[in-house]
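Residues per chain are reported as follows:
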Amino acid sequence: MDFLENLSRRLEDIRLDGTTVRAEFPCPQSVLRYLNHNDPNKLTNASNLDNGIDIEETPENQSRIRTRKRLQRRQKQKIKTLDNTNPDEQNRSTPNTIDPFLSHKDFYPNYMQFDDVKKGLESGELFEGHIRISQKCPTEAYVPSPDKSKDILINGVRSRNRALDGDKVVVKILGKSEWRNPDTEDCQRTGCVVYITNSKENRIVVGSLMVDRGVIHRYSTLVPRDCRIPKLLVDTSTWLYPIDLRDGTKESIDLFYAVLPRWDNYKIPKGILKGVLGESGQIKAETEGILITHDIQEHPYPEDIDQYFPPPFSVEEELKHRKDFRKHCIFSIDPPTAKDLDDALSCVPLPNGNFEIGIHISDVTYFVKQGTPLDEIAEQLATSVYLVQRVYHMLPPALTMMASLLPGTDKLAVSITLEMTPDAKVISHSFSQSIIHSCAQLHYAHAQIFLENPDKKDWDESEFPTVYNGYTISDCATAVSHLHKLAEVMRKRRFDTGALAINQPKLSFEIDRATCEPMSYSLYTLHESNWLIEEFMLLANTMVAEHLKTYFPTTAMLRSHHAPDVAPMEKAVKLLKVHDIEIDFTSAGSIHKSKAVYCQGENSKNSHWDIVINNILSKPMVRAEYCVIDPDKSMSHFALNVPYYTHFTSPIRRYPDIVVHRMLISWLTNKPIKEYEDPKVIDKIAINSNDKKNNAKKASEASADIYAACLIGKLGGLEVDASIMEVKENYFEATVLSMNMKIRVYVNISPINPDLQHKFCKFSVVDNKPTLVIWWDLEGENKQILQLFDKVKLKLTKRENCLKLRAILIRDE
């Protein structure tokens, strides 16, 4: 009878609604409000919830409610009974219908005791580092080796022992017999995680639900969007709102998100289902998933935050301690969509043939007072986040506009004034708080037109932005020309003396502002006007860093960039050498000069080499990071080849710049900041800023990926040219040249790749070059050889039900 009763409950809980199968689960009221925000009637009905069950007065619903409650009481009784029985009796029960974890307990090795870990670290038997899980192969993870050689491989989920990407872990290196390719040049040491020192709490996981129909199945599986995160089992027995499933599947139509509070010793971790984002594969829902995954808040400020805005400044009062630049020809040069105008420039020829250069940066410290709730939120946000369709500003939008150096109005700034010779040598410099009056908001395209027409005088004012303060477009063009000549000298000198640049063209989209749907794409390439701004911003940041180093020797906020680890750099150089590309990696300058021999721009015979070489050399590079100055350590910036560097020029969108401004102003005004006298305070800000900047970068890249997939889906697929970056046994990695987008292309013939156009393939190593041979016919007469740098033709398509791309190799006729 129990079996028949349970079966009837299952059948009762399945509704066939047209062609859609819907499994019904309770849902929090907060989620119902989100789902029904456009339907007041539904919102009213959703408020009539009692104990998570709809109590609408209909006989059918009342019957269903009584049945559900009765079954829930039975489930609780079974769980209670199971807890009071011995293990043998539990095994004779049907635990999977109540708690599927029981059969997966103690799947992973227990962690070592802390005292033993401490002894192991002291003796060198163990070592500590941050784990990095491979996106290409999620069963593999890596931890930097303590001797700076090749990373230690953590092979398999059991060896990873519940560590998640980014966790700080303690690792034990395994015996040589368990290494990969021992006694060869390609030897890879392996290890296992024995302890987790630091793990992010309450990690948010976004994905689709795999739902077992019927309330007797308490748990569903959340399949994450990020393949580096394990599947979660989530309790859906208390989820009221219907979970719509795709036809003929157990997969939810919508994206959900859950919290992973901790991972006990079970094979599959338990998560807590928190909410629904919308239909999978739609830009809005996928973007919500990106924001939640990377801890980016859409509305971080309360509605009454304006109470902490300062009153409008008085020019008369501010001039008592500020330098007046309002009569100078000052202008900004930014992208056309820019709203946060942090910086502006001025250039005045002097009678002695030199130039007075003004680098003017918005004085955000006037608007963000230290210690206020506004400041505390900005400190936590740490950075603005740039997605394809929207910017999530670090500061409230109204305050962003107040601080931006918009033209035609008086603005507060912190200025660096330089006297510079025609060969770009700095004779003198000074720092000051200032008031400016920008005369024009130029775009990079406007500045580029000036540079491409140096002798033109009769500019059509109607083709350019409005110019204020009594100046003309011709005045702006002349100043831009002077700045450009100086920037050219500065740039050449910088690379001649050892700087490195690995330029990667950025993918950009034209979107429909009403729907946020993509309409077209292009690569945003940098021009001379971009270099002009870059050179003066780099100069300003370097000069401020040198100043802070002198006057804040223990607390200066700097930006450090370490040299790449030797082992991965050697691997990249060795790979290129096989293809007759010699790279000297003894310094940043030697890398830049040796790669310049092969990277000769768009007009070269093999222009795609630029992208491939830059991509290969960028892999071993480490990220630059914010840090507090340490007199006992090197604080240098490897790529820029300078001993000290900081961020000063973008305080509207970066919190570390605000800290740097406060330090500089405290020196100018001789008013020490007590909180900033503690290195631990600066270090805490730096750690949070690094984390938030990294999340913002990942979110921006993920946004571009989903827009690329959406556009290609709208086009019904796209044939593109690509260049091979890496060759493996069953696949190759390629860069789509028109998008500078990396993609993996599988070539192994199998049932999961039914749409491949070639007939068979073979992997081998020819003259130390990994090689794939592709046959396009069964007779084996038409073949294609694939190696690094080879150009191939790919067909890109959007995967079903999500915004991800799939690529297959097609024959290039």
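Heads up: the structure comes first, above all this text.
Just so you know, these numbers come straight off a predicted model, no measurement behind them. (Residues numbered from 1 in each chain as written. Predicted model: local features only at pLDDT ≥ 70, side-chain atom pairs only at ≥ 80, totals over all residues. Heavy atoms only, no water.)

Time to look at the pairing of strand E24 (residues 426-437). Alignment of strand E17 (residues 323-324) against E24, held across 2 bridges, turns out to be parallel. When the sheet's bridge partners are listed, Lys323 is paired in E24 with Ser434. As judged from the 11 bridges shared by strand E23 (residues 410-420) and E24, these two strands associate in the antiparallel manner. The partner of Ile416 across the bridge, within E24, is Phe431. Taken together, E23 and the strand that follows it, E24, pair antiparallel across an intervening segment of 5 residues, in which Ala424 is found at a positive phi of about 65°. (Pairing = 2+ DSSP bridges. Helix = DSSP H or I, 4+ residues; strand = E, 2+ residues; numbered from the N terminus.)

With that settled, the discussion passes to empty space enclosed by the protein. Scanning all chains against the criterion turns up 2 cavities of 30 Å³ or more. Of the volumes computed, that of the second largest cavity is approximately 30 Å³. Lining of the second largest cavity is provided by Ala382, Thr383, Tyr626, Arg654, Pro656, Ser689 and Lys693. Tallied by class, the residues present in the lining of the second largest cavity amount to 3 nonpolar, 2 polar and 2 charged. (1 Å grid on protein atoms, 1.4 Å probe; cavity = no way out; pocket = protein on both sides within 12 Å on 5 of 7 lines; lining within 4 Å. Points joined across faces, edges and corners; volume = space filled by probe spheres on them. Nonpolar A, V, L, I, M, F, W, Y, C, P; charged D, E, K, R; others polar.)

Below, the discussion takes up the sheet that holds strand E32 (residues 741-746). Pairing is antiparallel across the open sheet formed by 5 strands, whose spatial order is E32-E31-E30-E36-E37. Since the sheet does not close on itself, it has two edges, and those belong to E32 and strand E37 (805-810), each with one partner. Adjacent strand axes in the sheet meet at a mean angle of 45°, parallel and antiparallel pairs treated alike. Two strands pair when backbone bridges link them, and strand E30 (residues 718-727) and strand E36 (residues 791-798) are joined in this way by 6 bridges, in the antiparallel orientation. Paired with Ser723 across the strands is Lys791, a residue of E36. In the packing of helix H17 (residues 608-618) onto the sheet, the strands contacted are E30, strand E31 (731-736), E32 and E36, and the crossing angle to E30 comes to about 45°. Against the sheet, helix H19 (residues 679-714) contacts E30, E32, E36 and E37, and its axis sits at roughly 85° relative to E36. (Axes fitted to C-alpha atoms, helices over the stretch in contact; angles between N-to-C directions. Contact = heavy atoms within 4.5 Å.)

Membership of the largest hydrophobic core comes to 84 residues, with the highest contact counts inside it found for Phe331, Ile357, Ile359 and Phe536. Here this core takes 10 residues from helix H14 (residues 528-551), the largest share from any one element. Apart from residues lying up to four places away in sequence, Ile357 is in contact with Ser346, Cys347, Ile416, Thr417, Leu418, Met420, Leu483, Leu486 and Phe536. Ile296, Ala699, Tyr707 and Ala722 belong to the second largest nonpolar core, which has 44 residues in total. (Core = buried A, V, L, I, M, F, W, Y, C linked by side-chain atoms within 4.5 Å. Buried < 20%, exposed > 50% of the residue type's maximum accessible area, 1.4 Å probe, protein only.)

Tallying each qualifying case throughout the model produces 14 aromatic pairs. A ring pair is formed by Phe114 and Tyr195, whose centres lie 6.2 Å apart and whose planes are at 50°; its orientation type is tilted. Here Phe114 is found in helix H6 (residues 114-123), whereas its partner Tyr195 is found in strand E10 (residues 191-198), with 81 residues between them in sequence. With relative accessibility at 21%, the residue Tyr195 sits in the partly exposed group. Among the aromatic residues, those joined into a cluster by ring pairs are Phe107, Tyr108 and Trp263. Here Arg162 stacks its cationic end above the ring of Tyr111, 4.1 Å away from the centre of that ring. Just above the ring of Tyr731 sits the side chain of Arg744; from NZ or CZ to the centre is 3.9 Å. (Phe/Tyr/Trp six-rings, centres within 6.5 Å; stacked < 30°, edge-to-face > 60°. Lys NZ or Arg CZ within 6 Å of the ring centre and 35° of its normal.)

Turning to the side chain of Asp375, a few remarks are in order. Looking at the element boundaries, Asp375 is found in helix H10 (residues 373-381). The class for Asp375 is buried, based on a relative accessible area of 3%. Not counting chain neighbours up to four residues away, the residues in contact with Asp375 comprise Val368, Lys369, Gln370, Tyr655 and Arg662.

Once that is clear, we can look at the pattern of salt bridges. Counting across every chain of the model gives 35 salt bridges. Between Lys456 and Asp458 there is a salt bridge, with the nearest N and O atoms lying 3.6 Å from each other. Linking Lys697 and Glu701 is a salt bridge whose minimum nitrogen-to-oxygen distance equals 2.6 Å. Taken as a pair, Lys697 and Glu701 lie in helix H19 at a separation of 4 residues, close to a single helical turn. Given the relative accessible area of 48%, Lys697 is considered partly exposed. According to the relative accessible area criterion, Glu701 is partly exposed, its value standing at 41%. Put simply, Lys136, Lys619, Glu726, Lys728, Glu733 and Arg744 are held in one network by salt bridges that share partners. (Salt bridge = Lys/Arg side-chain N within 4 Å of Asp/Glu carboxyl O.)

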